Amino acid sequence: MLNTFMQSRLRGLIVLALILIILPAFLGNPFHYELVTQMAIIAATVVGLNLLVGFAGQISLGHAGFFGLGAYFTGIATGTYGWPSVPALVVGAIVVGFIAWIVGRPILRLKGHYLSMATLAVGFIIAIILNNERALTGGPDGMPVPAFEIFGWELSAFGRYSLFGITIEGFQAWYIFASVVLLVAVWFALNLIESPIGRALRSVHGSEVAASVVGVNTAKYKSLVFVISAIYASLMGSLYAHFQGFITPAVASFEFSILFITMVVLGGMGSTFGVILGAVVLKLLPQVLADFQELEHVMFGLILMLTMIFMPKGLLPTLTAFVSKKMRKKAGGEA
Amino acid sequence: MFKTVIRRAGKCAAVAAAGLMMMSAQAAEPIKIGSFLSVTGPASFLGDPELKTLEMYVEKINEEGGVLGRQLELIHYDDVGNASSARNFASRLIRSDQVDIIVGGSTTGATMAAVPLIEQAEVPFISLAGAVVITNPVKKWVFKTPQTDRMAAERILTDMKDRGITKFGLISGTGGFGSSGRTQTLEVAEAMGMEVVADVTYSGSDTDMTAQLTNIRNTSGVEAVLNFGFGQGPAIVTRNYAQLGMELPFYQSHGVASDSFLELAGSAANGLRLPASPLLVPDSLPDDDPQKEVVQNYKAEYEARWDSKVSTFGAYAYDGLMLAVRAMEEAGSTDPEAVRNALENIQGYVGVTGVFNMSPEDHNGLDPESFRILEVQNGEWKLID
């Protein structure tokens, strides 16, 4: 019963939506809202990255580069040149998608570690450019980004909005907005996975040789999914920049790329809801551990290590396997 | 639980007995001072002494009866030198911990990342970071205690001018500090009618700057050399400078004004000049210097408590905390608007870094003269001006 429930993709989406609806009851103050909003944005990025890592089996160590490019495109277009937010976001995503396509074509011919190395280099190049083009990006000290704006509406985390007689605070509005974005991101990813493209990708993951033998154009699908995941990162980077109000080249850093990959691996490669859990855990840990000060990094590393040793498939797949095993045992006992 | 009630009651009684203030139930609440600092990570040399200073003086103020009859409570987070976590912790301080004032932000990046949020949340904020962008243009809720890099450039160039130098070569690091310093130096030089005849840079990971220095030496008309940088880069530049046997007057920025720089550069540093906090030469200050006592006390107290060398960066936190305390006392409350107004009107506060005269146009309140020009002589700092 639970097993079929978990396997149905739309039900998963409904569970996620329910969680997002119920969650505000447990959020004590604006800071909690803010944290969850960030988690949603990062989770949507990781859902995109998971398409590449979890389904196509390609490792990208430079994804923060695309995230940072999106963030800076938005920051520069809206802040310096006064563009409205939505066109900036869309054009940014197209530009990043195009860059990913150009970069991806030669890179995705490489296999295994070479691909990781190449994406690593791309990420570094982007980070260095953002650091050094001081006139454009503000250099290592970063740059401010104006509030997000939809159809003349400014969505600021400090504003107050009334709609149909209900007054909501800016941080609540952002929470709702980010939740919707996450749901759309997940819905799109789930559909893509179930489509012929998704099946082709999984065949590439299973065995590239076998896939090409049965007629799958592996290079084409790999570069397609690379572009899609880069667009995910760029869009979320743009939203992140608006939400944060200030960006520094750290958003494109190697550490951030590693964090993204860690979220995928920790949550469960190839499990869309698992990687969301991974993002939540990794965003939450630094805040939970903040009180431990010096021990923070030690505990952070320890938690990651133990999870990888005892739950090598990732958090969610291990947990669901555990639960469904129990359920089956119980059902068996009754019969 | 019972114990803390007793302890708190005891404290209240002591304060009341001292006749400091009438205690109301509300006034017994501690005043919350929030801080986000780079205590670990690459900027820990800033955040570590800053945190130690805050901790020790919050303790001291509390022992002396607190502020407005209330105890201070320090809530601090470590941003690891990462701007986005600095912003998140600033948000946590404002929204979750609901602090009354924030004293923190070790680096310019961390400070600037938190500024939009702080401006919107309307909480007084005293930054401990250097770059001029923090207070120029003036932001309503943002103040800072260190001198700006622009002042450092002004101080150095004024000293050059006094020595009759009008053309100099500039070598700067490409990091945040170096590149901001370079921009300011170029602007100040133009304003003062001086000429930067050579302008070269090095990256943070370079291990030899002989090429750049040779380039400067071969530029015709160069009369002095200025290095704007942070970390180990300037020490390498200094050693290369000596190895090349360059005789021109040599200047460093305030970024290396610490004893560890002297250790790194060794005898090569002899003869170079830099602008620095009086904290490096507490005993050479003339007796009529208003800062002398403050500087000596801070140094003595810090070194006694932590058993480690005092640092200029910790002094920024000292001044930040004392300015905050003074503003709250003058405002007579912790109302953000009142504290902010009081901060803006602070005149003649004698700190370790300098004498602060705030105004609506100047949220830093220091003048370039608060930097002392020091020269390295026989491996030690010597006060020149």
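Residues numbered from 1 in each chain as written. Chains lettered and ligands numbered in written order. Predicted model: local features only at pLDDT ≥ 70, side-chain atom pairs only at ≥ 80, totals over all residues. Heavy atoms only, no water.

Chemist: For this particular structure, what's the right way to read the overall build of chain A?
Modeler: Helix and strand content of chain A: 15 helices and six strands. Rg of the C-alpha trace for chain A: 20 Å, near the compact-globule value of 20 Å for 335 residues, within the 12% margin. Principal axes of the C-alpha set define a box for chain A whose edges measure 65 × 50 × 45 Å. Taken over 335 residues, chain A has a buried fraction of 49%. Taking as baseline every contact in chain A between residues at least 6 positions apart, the subset at least 24 positions apart corresponds to 73%. Computing the positive centroid from 18 side-chain charges and the negative centroid from 13, chain A places the two 20 Å apart. (Helix = DSSP H or I, 4+ residues; strand = E, 2+ residues; numbered from the N terminus. Rg over C-alpha atoms; globule rule 2.2 N^0.38 Å. Buried < 20%, exposed > 50% of the residue type's maximum accessible area, 1.4 Å probe, protein only. Contact = heavy atoms within 4.5 Å. Lys, Arg positive; Asp, Glu negative; His and termini not counted. Charge placed at Lys NZ, Arg CZ, Asp CG, Glu CD.)

Chemist: How should I be thinking about the domain arrangement of chain B in this particular structure?
Modeler: Bring the parts together and some accessible area is lost; that lost area is often taken as the interface size. Residues and elements named next belong to chain B. Along its sequence, chain B is organised into domain 1 (2-147 + 294-369) and domain 2 (150-282 + 371-383). Measuring from the centre of the C-alpha atoms in domain 1 to the corresponding centre in domain 2 gives 32 Å. Looking at the side of domain 1 facing domain 2, the largest losses of area belong to Gln 147, Thr 312 and Pro 368, adding up to 34% of the total buried there. Counting across the domain 1 and domain 2 interface gives zero salt bridges. One can count four residue pairs in polar contact (both at pLDDT 80 or more) joining domain 1 with domain 2. Among the elements of the structure, helix H2 (44-63), helix H10 (292-306) and helix H11 (312-331) are those that each provide at least two residues to the side of domain 1 that touches domain 2. When residues of the side of domain 1 that touches domain 2 are assigned to their parent elements, the largest contribution, four residues, is made by H10. A class-by-class count of the residues in the side of domain 1 that touches domain 2 yields 11 nonpolar, six polar and four charged. (Domains from an automatic or database assignment. Buried area = accessible area lost by both parts, 1.4 Å probe. Salt bridge = Lys/Arg side-chain N within 4 Å of Asp/Glu carboxyl O. Polar contact = N/O pair within 3.5 Å; in protein donor to acceptor, adjacent residues only side chain to side chain. Nonpolar A, V, L, I, M, F, W, Y, C, P; charged D, E, K, R; others polar.)

Chemist: I keep staring at the nonpolar core and nothing clicks. Help me out?
Modeler: Considering soluble globular proteins, one finds that nonpolar side chains tend to be buried as a cluster. Ranked by internal contacts, the top residues of the largest apolar core, which has 90 residues, are A:Ile42, A:Leu51, A:Phe67, A:Leu182 and A:Phe260. A per-element tally of this core places helix H3 (residues 30-55) of chain A first, with 14 residues. If near-sequence neighbours (up to four positions away) are discounted, A:Phe67 is found in contact with A:Ile42, A:Thr45, A:Ala233, A:Met236, A:Gly237, A:Tyr240, A:Val251, A:Phe256 and A:Phe260. Of all hydrophobic cores here, the second largest spans 65 residues; its members include B:Ile61, B:Val67, B:Ile156 and B:Leu226. (Core = buried A, V, L, I, M, F, W, Y, C linked by side-chain atoms within 4.5 Å.)

Chemist: Sorry, what's going on with the UniProt feature "domain: Leucine-binding protein" (unreviewed entry) in chain B here?
Modeler: The UniProt record marks residues 30-377 of chain B with the feature "domain: Leucine-binding protein" (unreviewed entry), using the residue numbering of this structure. In this annotation, residues 30-377 of chain B is assigned 43% helix and 18% strand; the end-to-end C-alpha distance for the span is 48 Å. (UniProt positions renumbered as here; feature names shortened; annotations may be inferred.)

Chemist: Please clarify how H2(B) should be interpreted in this entry.
Modeler: Three or four residues apart is the spacing at which side chains of an α-helix point the same way, because the helix has 3.6 residues per turn. Here H2(B) spans 28 Å end to end across 20 residues, near enough to the 28 Å set by a 1.5 Å rise per residue. Backbone geometry just downstream of H2(B) places B:Gly65 in the positive-phi region, at approximately 105 degrees. (Expected span 1.5 Å × (residues − 1).)

Chemist: What is the right way to look at the sheet that holds strand E2 (residues 72-78) of chain B in this model?
Modeler: Pairing between sheet strands relies on hydrogen bonds along the backbone, with the strands arranged either parallel or antiparallel. All names here are of chain B. Read from one edge of the open sheet, five strands run E2-E1-E3-E4-E5, paired in parallel fashion. Every other strand in the sheet has two partners, leaving E2 and strand E5 (142-144) as the edge strands with one partner each. Neighbour-to-neighbour, the strand axes of the sheet open up by a mean angle of 25 degrees, direction not taken into account. H2 rests against strand E1 (31-37), E2 and strand E3 (101-104) of the sheet, and its axis sits at about 165 degrees to E2. (Pairing = 2+ DSSP bridges. Axes fitted to C-alpha atoms, helices over the stretch in contact; angles between N-to-C directions.)

Chemist: What's the story with the packing of aromatic side chains in this structure? I'm lost.
Modeler: The description of an aromatic ring pair uses the distance of the two centres, along with the angle that the planes make with each other. All chains considered together, the criterion is met by 28 aromatic pairs over all chains. Note on A:Phe67 and A:Phe256: the rings are 5.6 Å apart at their centroids and 65 degrees apart in plane angle, and the pair reads as edge-to-face. With a gap of 189 residues between them, A:Phe67 in helix H4 (residues 63-80) and A:Phe256 in helix H12 (residues 254-267) connect regions that are remote in the sequence. When its relative accessible area of 0% is taken as the criterion, A:Phe67 is described as buried. Its relative accessible area of 11% is what places A:Phe256 among the buried residues. One aromatic cluster is present, built from ring pairs that chain together B:Phe45, B:Phe177, B:Phe228, B:Phe230, B:Phe313 and B:Tyr316. (Phe/Tyr/Trp six-rings, centres within 6.5 Å; stacked < 30°, edge-to-face > 60°.)

Chemist: Just to check I follow, could you spell out unusual backbone geometry for this structure?
Modeler: Residue and element names in this part refer to chain B. For the peptide bond that leads from Asn 136 to Pro 137, omega is 5 degrees, which places it in the cis range. Although it is not a glycine, Leu 68 adopts a positive phi angle of roughly 55 degrees. Examined against the element boundaries, Leu 68 turns out to sit in the loop between H2 and E2. You will see that Asn 378, though not glycine, has its phi angle at about 50 degrees, which is positive. Here Asn 378 lies in the loop between strand E13 (372-377) and strand E14 (380-383).

Chemist: Help me out: how do you make sense of the pairing of E1(B) in this one?
Modeler: On a regular strand, each side chain points to the face opposite its neighbour's, so the side chains alternate between the two faces of the sheet. All names here are of chain B. Burial runs high along E1: six of the seven residues are buried. Sheet analysis places E1 next to E2, joined by seven bridges and oriented parallel. Each residue of the ladder has a partner; that of Ser 35, found in E2, is His 76. In this sheet, E3 lies alongside E1 in parallel orientation, the contact comprising two bridges.

Chemist: Help me understand the UniProt feature "transmembrane region" (unreviewed entry) in chain A, please; the structure alone is not making it clear to me.
Modeler: Residues and elements named next belong to chain A. Per the UniProt record, "transmembrane region" (unreviewed entry) is found at residues 38-57, 64-83, 89-107, 114-130, 173-193, 224-243, 258-285 and 297-316. End-to-end, the C-alpha atoms of residues 64-83 are 24 Å apart, and along that stretch the chain is 85% helix and 0% strand. Summarising residues 258-285: 86% helix, 0% strand, and an end-to-end C-alpha distance of 16 Å.

Chemist: I keep staring at the confidence of the model for chain A and nothing clicks. Help me out?
Modeler: In regions of low pLDDT, the predicted coordinates are not meant to be interpreted in detail. The predicted model of chain A averages 84 in pLDDT, with 93% of residues at 70 or higher. No element of chain A has a lower mean pLDDT than helix H1 (residues 2-7) of chain A, which averages 54, and none a higher one than H4(A), which averages 93. (pLDDT = per-residue confidence, 0-100.)

Chemist: Help me understand the pattern of salt bridges, please; the structure alone is not making it clear to me.
Modeler: A side chain of one charge can pair with a side chain of the opposite charge if their charged atoms are brought near each other. Applying the stated criterion across every chain, the model contains 17 salt bridges over all chains. Salt-bridge contacts for B:Glu337 lead to B:Lys140; the nearest nitrogen and oxygen are separated by 3.6 Å. Of this pair, B:Glu337 sits in helix H12 (residues 336-344) while B:Lys140 sits in the loop between strand E4 (125-127) and E5; the two residues are 197 residues apart in sequence, bridging distant segments of the chain. The class for B:Glu337 is partly exposed, based on a relative accessible area of 34%. Judged by its relative accessible area of 38%, B:Lys140 falls in the partly exposed class. Here B:Arg273 makes a salt bridge to B:Asp159, at a shortest N to O gap of 3.0 Å. Here B:Arg273 is found in strand E10 (residues 273-276), whereas its partner B:Asp159 is found in helix H5 (residues 149-162), with 114 residues between them in sequence. In this structure, B:Arg273 and B:Asp159 share a single accessibility class: buried. Via salt bridges that share partners, A:Glu34, B:Arg87 and B:Arg95 belong to a single interconnected network.

Chemist: How should I be thinking about the environment of A:Val323 in this particular structure?
Modeler: Residue and element names in this part refer to chain A. Residue position: Val 323 is located in helix H15 (residues 315-334). With relative accessibility at 33%, the residue Val 323 sits in the partly exposed group. C-alpha of Val 323 to C-alpha of Asn 50: the two residues are 273 residues apart in sequence and 24 Å apart in space.

Chemist: Help me understand the interface of chain B and chain A, please; the structure alone is not making it clear to me.
Modeler: Counting residues at the interface gives 28 residues for chain B and 25 residues for chain A. The largest contributions to the chain B side of the interface with chain A come from B:Arg87, B:Arg92 and B:Arg95, which together make up 29% of the buried area. Across the chain B-chain A interface, the total number found is two salt bridges. Where A:Glu34 meets B:Arg87, a salt bridge forms, and the shortest distance between an N and an O atom there is 3.6 Å.

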